[in-house]
Amino acid sequence: MFGSDKIEVGKGASAGFATALQEGGRKVMAVNRKRGLGVGAVLLSATCFALTSILLKIALHLGLTPLAALALQSWLASVLLLVYGLIFRRDIFRLSGPKTLAVLALQGIVGSLGTSILYTYALVYLPVSVAILLLYLYPAFVLAAGVLFWRKKAGVKEIAALLLTLAGTILASGVLAGAQHVSVLGVIFGFASALAYTLFNLVGEVALTHLSPLATMSFSQWFSSLGLVLALRGGWTAILWHDYRILGVGLALATVASIFPFYFLLVGIKHIGSDQAAILSTFELPMTFIMAELFLREVPDWNQWSGGFLVLAGIILVNWRGFPGELRDG
């Protein structure tokens, strides 16, 4: 009798252990799926962003001024998002209060619009490789701000990955090979674009605690467009809206280079945080080289490919999940 009770107890304990093991496995799988979604979204965002420099160069070659090119991009994107929201997602218009609206205004006007204007003017004065180098100082700024203001912990892996991506960015830019005649004004614009993009990422992480990525991106885009209306002060009449080439580039900028990359970036930030998303987004650098070769016939040299390899090494390192402790911490 007592022996059978012991057997039953043993079976119950074994069943409980098996259930706990299965539950733990499901949690690990859920964490990995969430992280995989975030990583994939950021890499897809970087691929779309890689097209931005190419499309902006094409727009400038068509005779558009930097502000006119950005207005074309921003206004078309805003109209598309507004129509989509009104038809399919009216819930994005429900905000929690004026503080949330203020956060979105800061992200849209200073973060999104500021980055776009400053980076576009950097492209006017600098080669694409040098402009990207300066823009991609922002992962270091994001990591530093996270440690200083959000009390985030930067481990050895994150710091090593950041150093790899910074080294790859510097090598790929050609600065070490001796880039003479670099415009000081262009450098200022590029450095300032990195600061503005840092703000976009950090404020975006705050906004995503209350809103969906779609709502966050939409309001950021609308505030950016409003800022351009004020900046141009009627200058939109200079845009040749009837020119199919300009309209085509504008639609490409509005979707592939605006709506898609910002949405995917915010999805990534929501799942993996702004610090790791910033490091992963440096995948844009090697993708820009590939796009430049495909569309502009600019063949990258060995410095650029070597730098791209270091960037990819940093991406792999920050996503290395080979230790059981890391899996548990998720």
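Right above here is the structure, for reference.
Here's what I pulled together on the structure shown here. (Residues numbered from 1 in each chain as written. Predicted model: local features only at pLDDT ≥ 70, side-chain atom pairs only at ≥ 80, totals over all residues. Heavy atoms only, no water.)

### Considerations on the packing of aromatic side chains
Under the defined criterion, the tally for this structure stands at 12 aromatic pairs. Three or more aromatic residues joined by ring pairs form one cluster here, namely F49, Y138, Y197, F200 and F262. (Phe/Tyr/Trp six-rings, centres within 6.5 Å; stacked < 30°, edge-to-face > 60°.)

### As for the nonpolar core
In terms of nonpolar packing, the biggest core is built from 76 residues, with L64, Y138, Y197, M217, L228 and I239 touching the most fellow members. Non-local contacts of Y138, meaning those with residues more than four positions away in its chain, are made with A194, Y197, T198, N201, A278 and S281. (Core = buried A, V, L, I, M, F, W, Y, C linked by side-chain atoms within 4.5 Å. Buried < 20%, exposed > 50% of the residue type's maximum accessible area, 1.4 Å probe, protein only. Contact = heavy atoms within 4.5 Å.)

### Focus: the pattern of salt bridges
If charged atoms from side chains of opposite charge come close, those side chains can pair. The tally for this structure, following the rule as stated, stands at 2 salt bridges. Where D243 meets R245, a salt bridge forms, and the shortest distance between an N and an O atom there is 3.3 Å. The class for R245 is partly exposed, based on a relative accessible area of 45%. (Salt bridge = Lys/Arg side-chain N within 4 Å of Asp/Glu carboxyl O.)

### Some thoughts on the side chain of S225
With respect to the helices and strands, the residue S225 is situated in helix α8 (residues 213-232). Residue classification places S225 among the buried residues on the basis of a relative accessible area of 6%. Reaching out from S225, the side chain makes a polar contact with the side chain of S74 at a distance of 2.6 Å. When residues no more than four places from it in sequence are discounted, the contact partners of S225 are S74, W75 and S78. (Helix = DSSP H or I, 4+ residues; strand = E, 2+ residues; numbered from the N terminus. Polar contact = N/O pair within 3.5 Å; in protein donor to acceptor, adjacent residues only side chain to side chain.)

### Some words on empty space enclosed by the protein
Tallied over the entire structure, the rule returns 3 cavities of 30 Å³ or more. In this model, the largest cavity occupies a volume close to 200 Å³. If you trace the largest cavity, you find 16 residues lining it, with F49, T52, T115, S116 and Y119 closest to the centre. Broken down by element, the residue count for the lining of the largest cavity peaks at 5 residues, all from helix α3 (residues 98-125). The residue inventory of the lining of the largest cavity, partitioned by class, reads 9 nonpolar, 6 polar and 1 charged. When its volume is computed, the second largest cavity comes out at roughly 70 Å³. As for the second largest cavity, its lining consists of L70, Q73, S74, S112, L113, S116, Q221, S224, L228, S258 and F262. Counting only elements with at least two residues in the lining of the second largest cavity, the list comes to α2 (66-88), α3, α8 and α9 (244-272). Residues that form the lining of the second largest cavity fall into these classes: 4 nonpolar, 7 polar and no charged. (1 Å grid on protein atoms, 1.4 Å probe; cavity = no way out; pocket = protein on both sides within 12 Å on 5 of 7 lines; lining within 4 Å. Points joined across faces, edges and corners; volume = space filled by probe spheres on them. Nonpolar A, V, L, I, M, F, W, Y, C, P; charged D, E, K, R; others polar.)

### Looking at the packing of α8 against α9
When two helices pack together, their arrangement is given by the angle between their axes and by how far apart the axes lie. Viewed as axis vectors pointing N to C, α8 and α9 meet at an angle of 135°, and their least axial separation amounts to 9 Å. Classed by the angle they form, the pair α8 and α9 counts as oblique. Helix-helix and strand crossings are classified by hand; for α8 and α9 the assignment is right-handed. Only S258, I259, F262, Y263, L266, V267 and K270 of α9 make contact with α8, whose side of the interface consists of P213, L214, T216, M217 and Q221. Class assignment for the residues of the contact of α8 with α9 results in 8 nonpolar, 3 polar and 1 charged. (Axes fitted to C-alpha atoms, helices over the stretch in contact; angles between N-to-C directions. Parallel < 35°, antiparallel > 145°, perpendicular 65-115°, else oblique. Left-handed = near helix turned anticlockwise from the far one by under 90°.)

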